[in-house]
Amino acid sequence: MDTIKPEYSEYDIYPTIPMRGVVAFPKMVVHFDVLREKSINAVKEALKKDRKIFIVTQKDVFAEDVKKEDLYKTGVLAEIRQVLRTPDDALRLLVEGIYKAKLVDIDESESDDVYYESAIKEVNNYRKPKSSAAEIEAMMRAVKDAYENYTDLIPRIPRELAASVLCQDDPELLFENIVFNAGFQYADKQELLEQNDIMSRLTVLLAVLVKETEVLEIESDIHQQVKESLNKNQRDFILREQMRVISSQLDEEDDEDDYREKIAALKLDEKITEKLFREADRLRHLPSSSQESFVIKNYLDTVLELPWNKESRSRTDIKKAEAILEKDHFGLRKVKERILESIAVHAVNPDVRGQIICLVGPPGVGKTSIGRSIAKSLGREYVRVSLGGVRDESDIRGHRKTYVGAMPGRIINAMIQAGTKNPLILFDEIDKMSNDFRGDPSAAMLEVLDSEQNKEFRDHYTEVPFDLSKVMFITTANTTSTIPAPLLDRMEVIEITSYTREEKYHIAKDHLIPKQIKKHGLKASQLKITDDGIYRLIDSYTREAGVRNLERNIGSLCRKTAKEIVSGDSKKLKFTGKNIPDYLGHEKYLPDTRSDRDETGLVNGLAWTSAGGVLMPLEVLVLDGKGTVEVTGSLGDVMKESSKIAVSYARSIASEYGIDGEFYKNKDIHIHAPEGAVPKDGPSAGVTMATAIVSALSGIKVRSDVAMTGEITLHGRVLPIGGLREKTMAAYKEGIRKVIIPAANRPDLDDVDDVVKENIEFVFAEKISTVLEHALVK
């Protein structure tokens, strides 16, 4: 090839294979696998010609693209006898060495589509030795002696092979029989190959055999020491067991086992102490390395870790506790009042039991995070136990210790984690538990959450009763519908409704914005969100019961501020209601639809959703027809029944409002509730439908600044509804001046935000006539 230097063109040039850890000799048959692309190409080239190939060993077995300096100077020209292709596309060669050759030059091209090619020079491997026949004979004897010692340490060498070598009188055959069948290091074999006369080769061979024999003797000594150590361990084990039996017969205590002292120090109930003593006594009579010994040790360690007598000092300062709750969370008034009541009762009666509270509400309203604040305000340790997806009773009660890998349940683990017997344990997502063939975890929770039973809670693993009566349990759920009735009956349920617009504003301003500024490494002077900017985020970029998406949007503004500051475009940013779309994109949610003028047959209703209250306009159109009533807008069965009630009531008061008494025969009434794709149901739209129908039939317009909610009866009575707090906030947000509500809902105004009560006039209606009087334009 053209990369071989021209001055070496008179030498023999052959395809070449660099070998990894393999050294070939003349007359030696070698088989090996070829994986490298250039080596495979070299084999293919040799097969095209005279099947001869030059084999030379590389110095570093891990080198991939070898250069001349990476190869030894001496190799062997071999003839390819057989080629097989393996399943992994490699080549398996069988070659026989022809003669020893010196590497003169090699093609070092790095391209994969070529092959290694070398210029070589034959080396005479059989030069006449300078030593005398006697010297060679003496060296042969020394080699045979060394080889005999070598084979004594390697049992895998056949005895027949060793005998044939020792009977060999020809020095060349002696050398070949030993080297060809010995597992020497490739560097030692290479040194043997480079020797050019028989005396030199035998001398080096003797040195290699002596070195290998010394290494093998050291390995043999190491194996013998390990074997003796194992025998000693077995002897010690037997003696230790004999000592254990003697100690048992003499009723002597084992100094190494202090479990009995720890058990006695706890001063537990007599039955519990006896049970633990029995386990400790069993441990004394078991082999220390047995599986049962490990099981008992783990069991005793777990039981002794339980906080049997440790109790944290509960806080009785109501003012300080209230300050902690107010600092950490905005709103959640009912929860805070209940916790302060609990602190007050504990101050009066420290032994009070049965405090099990269930916080029920939509996601993101702070049910889980309030748990840590409650524990902090009470001065108790806090442990959170997630029950979402738990469907195995053993997760709650643990596994019996006879099973492999047994462990205590989540309750006992929580008590060990708390370190006191009166912590606050939060059971998160208790409504997400399920059951299968392995048992019902909610059934196991019945004992845990019953103040009369949990003073002797038994875990399957510990098998001894543990007092949970001083633990304060708080559970969280999104709904009570999936909680079994017996379990729900054991808990005091506190409903947490969705946050109103004003509450979200205060939470964002006082909590979320400072939290996100700190989280993103900013300073308060570098980012400011104005009040109208916060309201824009709440109204146009989120629609949720909680504040998680609101916090994400605030975090997005923080990241954009950091980018502006780092890029040097500005030193601080101020976000207002006008420029927020420039950073967060177009509005994700449009405001509720509301008419700006008084119209016939169009009434502003109020509806409740899981994300809060909304303004729901209701439209009625009267057409010539046959008296059919059509309802559209994805209305449920309850709303359809309300429409029939509203039509019947309109017929009963037709004369009072100048309505044709025969309209139910010659007029069709179409009732529609936008948005059509959103399912709607519930009885609270009754007064809205009745008002819209009366307006459409009489031609009297409805005031656009009035909204209403309430259920009606056939006799025109207005019945109470739910969700008043959220509905009134929606009316306030849309600029409604007057809201008509059922008179029975007057006490619910205590839950309505003060800003709503200051800006809206409330009309309390017992009859539909009151609603029509305030809603219709006179």
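Here's a quick rundown of the structure. Quick caveat, the model's predicted, so the values are computed rather than measured.

Parameters at a glance
- Residue numbers restart at each chain and count upward from 1, following the sequence in its written direction.
- At least 70 in pLDDT is required for a residue's local features to be given in this predicted model, at least 80 for side-chain atom pairs to be given and counted, and no such filter applies to totals for whole chains, interfaces and linings, which use all residues.
- Note that water and hydrogens are dropped before the side-chain values are worked out from all heavy atoms of the structure.
- Patches here are clusters of residues that have more than 30% relative accessible area and form no salt bridge, with a 9 Å joining cutoff for like charges and a 5 Å cutoff for nonpolar side chains (Val, Leu, Ile, Met, Phe, Trp, Tyr).
- Values of accessible area rely on a 1.4 Å probe in the Shrake-Rupley scheme; residue burial ignores everything except the protein chains shown.
- Criterion for a salt bridge: a side-chain nitrogen of Lys or Arg within 4 Å of a carboxyl oxygen of Asp or Glu.
- Segments assigned H or I by DSSP are reported as helices when at least four residues long, segments assigned E as strands when at least two residues long, and all are numbered from the N terminus.
- Each residue is placed in one exposure class: buried if its accessible area under a 1.4 Å probe, protein chains only, is under 20% of its type's maximum, exposed if it is over 50%, and partly exposed if it falls in between.
- Throughout this description, the term nonpolar core refers to a set of buried Ala, Val, Leu, Ile, Met, Phe, Trp, Tyr and Cys residues connected via side-chain atoms within 4.5 Å.
- Bend, in this description, refers to the angle at a residue between axes fitted to the seven residues ending there and the seven starting there.
- Any two residues whose heavy atoms approach within 4.5 Å at even a single point are treated as in contact.
- Strands are labelled as partners when DSSP assigns at least two bridges between them.
- Every axis in this analysis is a line fitted to C-alpha atoms, fitted for helices over the stretch in contact. Angles between the N-to-C directions lie between 0 and 180 degrees.
- In this scheme Phe, Tyr and Trp rings, the latter by its six-membered ring, pair at centre separations within 6.5 Å, and the angle between planes marks the pair as stacked below 30 degrees, edge-to-face above 60, and tilted otherwise.
- Two conditions define a charge sitting above a ring: the NZ of Lys or the CZ of Arg must be within 6 Å of the ring centre, and it must be within 35 degrees of the ring normal.

Structural notes on a nonpolar patch on the surface
Here comes step 1: A cluster of nonpolar residues, Ile218, Ile222 and Val226, forms a patch on the protein surface that exposes about 270 Å² of accessible area.
Here comes step 2: Looking at the secondary structure, you find Val226 in helix H6 (residues 198–249).
Here comes step 3: Overall, the relative accessible area of 47% leaves Val226 in the partly exposed class.

Details of the nonpolar core
Here comes step 1: In this structure, Phe32, Tyr150, Phe184 and Leu205 are the most contacted members of the largest nonpolar core, which totals 49 residues.
Here comes step 2: Ranked by residue count, the leading element in this core is H6, at eight residues.

Considering helix H17 (residues 501–519)
Here comes step 1: Roughly 45 degrees is the biggest bend found in H17, and it falls at Ala508.
Here comes step 2: Every buried residue of H17 is listed here: Arg501, Glu502, Glu503, Lys504, Tyr505, Ile507, Ala508, Leu512, Ile513, Gln516 and Ile517.
Here comes step 3: Packing partners of the buried residues in H17 comprise strand E14 (527–529), helix H18 (531–540), helix H19 (548–567), helix H24 (724–733) and helix H25 (754–759).
Here comes step 4: Positive backbone phi, at 70 degrees, marks Gly521, one or two positions downstream of H17.

Some points on the sheet that holds strand E17 (residues 612–624)
Here comes step 1: Pairing within the open sheet is mixed, and its seven strands lie in the order E18-E19-E17-E16-E20-E23-E24. In this open sheet, the two strands that pair with only one neighbour each are strand E18 (629–632) and strand E24 (761–765). Strand-to-strand twist in this sheet, taken as the mean axis angle between neighbours without regard to direction, amounts to 25 degrees.
Here comes step 2: In the sheet, strand E20 (residues 706–708) pairs with strand E23 (residues 738–742) via three bridges, with the strands oriented parallel. Within the sheet, the bridge partner assigned to Val706 lies in E23 and is Lys738.
Here comes step 3: The sheet contacts of helix H21 (residues 637–652) involve E17, E18 and strand E19 (667–672), and relative to E18 the element is tilted by about 145 degrees.
Here comes step 4: With respect to the sheet, H24 is in contact with strand E16 (602–609), E17, E23 and E24, its orientation differing from that of E17 by roughly 75 degrees.

Section: the sheet that holds strand E7 (residues 356–360)
Here comes step 1: Taken in spatial order, the five strands of this open sheet run E8-E9-E12-E7-E13, and their pairing is parallel. Of all strands in the sheet, those bounded by a partner on one side alone are strand E8 (382–386) and strand E13 (492–495). Here the average twist between neighbouring strands, direction ignored, is 20 degrees.
Here comes step 2: Here E7 pairs with strand E12 (residues 472–477) via five bridges, running parallel. By the bridge assignment, Val360 is partnered in E12 with Ala477.
Here comes step 3: Sitting on the sheet, helix H12 (residues 367–378) touches E7, E8, strand E9 (424–428) and E12, and the angle it makes with E9 is about 175 degrees.
Here comes step 4: Helix-sheet contacts for helix H14 (residues 410–418) involve E8 and E9, and the interaxial angle to E8 is about 155 degrees.

Some remarks on the environment of Lys319
Here comes step 1: Assignment of secondary structure puts Lys319 in helix H10 (residues 318–328).
Here comes step 2: Look at Lys319 and you get exposed, because its relative accessible area is 67%.
Here comes step 3: Sequence-wise, Lys319 and Arg552 are 233 residues apart; in three dimensions their C-alpha atoms are separated by 33 Å.

Describing the pairing of strand E4 (residues 74–85)
Here comes step 1: Summarising the sheet, strand E3 (residues 52–57) and E4 pair through four bridges and their orientation is antiparallel. From the neighbouring strand, Ile53 faces E4, where its bridge partner is Ala78.
Here comes step 2: Note: E4 against strand E5 (residues 91–106), 11 bridges, orientation antiparallel. For Gln82, the partnering residue across the bridge sits in E5 and is Leu94.
Here comes step 3: The antiparallel pairing of E4 with E5 creates a hairpin that spans five residues between the two strands, and Asp89 there sits at a positive phi of about 65 degrees.

Here's the deal with the environment of Asp107
Here comes step 1: Tracing the chain through its elements places Asp107 in the loop between E5 and strand E6 (117–122).
Here comes step 2: Residues Asp107 and Ile154, 47 residues apart in the sequence, show an inter-C-alpha distance of 42 Å.

Here we look at the packing of aromatic side chains
Here comes step 1: Within this structure, the stated rule accounts for 10 aromatic pairs.
Here comes step 2: Look at Trp308 and Phe466: their rings are 5.0 Å apart centre to centre, the planes differ by 70 degrees, and that puts the pair in the edge-to-face class. A residue pair is termed long-range when its members are at least 10 positions apart, and Trp308 in the loop between helix H9 (291–305) and H10 and Phe466 in strand E11 (residues 465–466) qualify at 158 residues. With respect to class, Trp308 is no different from Phe466; both count as buried.
Here comes step 3: For the ring pair Phe427 and Phe473, a centre distance of 5.5 Å and an interplane angle of 10 degrees mean the geometry is stacked. Here Phe427 is found in strand E9, whereas its partner Phe473 is found in strand E12, with 46 residues between them in sequence.
Here comes step 4: A relative accessible area of 0% places Phe427 in the buried class.
Here comes step 5: Phe473 gets classed as buried once you look at its relative accessible area, which sits at 0%.
Here comes step 6: Taken together through their ring pairs, the aromatic side chains of Phe25, Phe175 and Phe180 make up a single cluster.
Here comes step 7: The ring of Tyr116 has Lys38 sitting right over it, with the charged end atom 4.3 Å from the ring centre.

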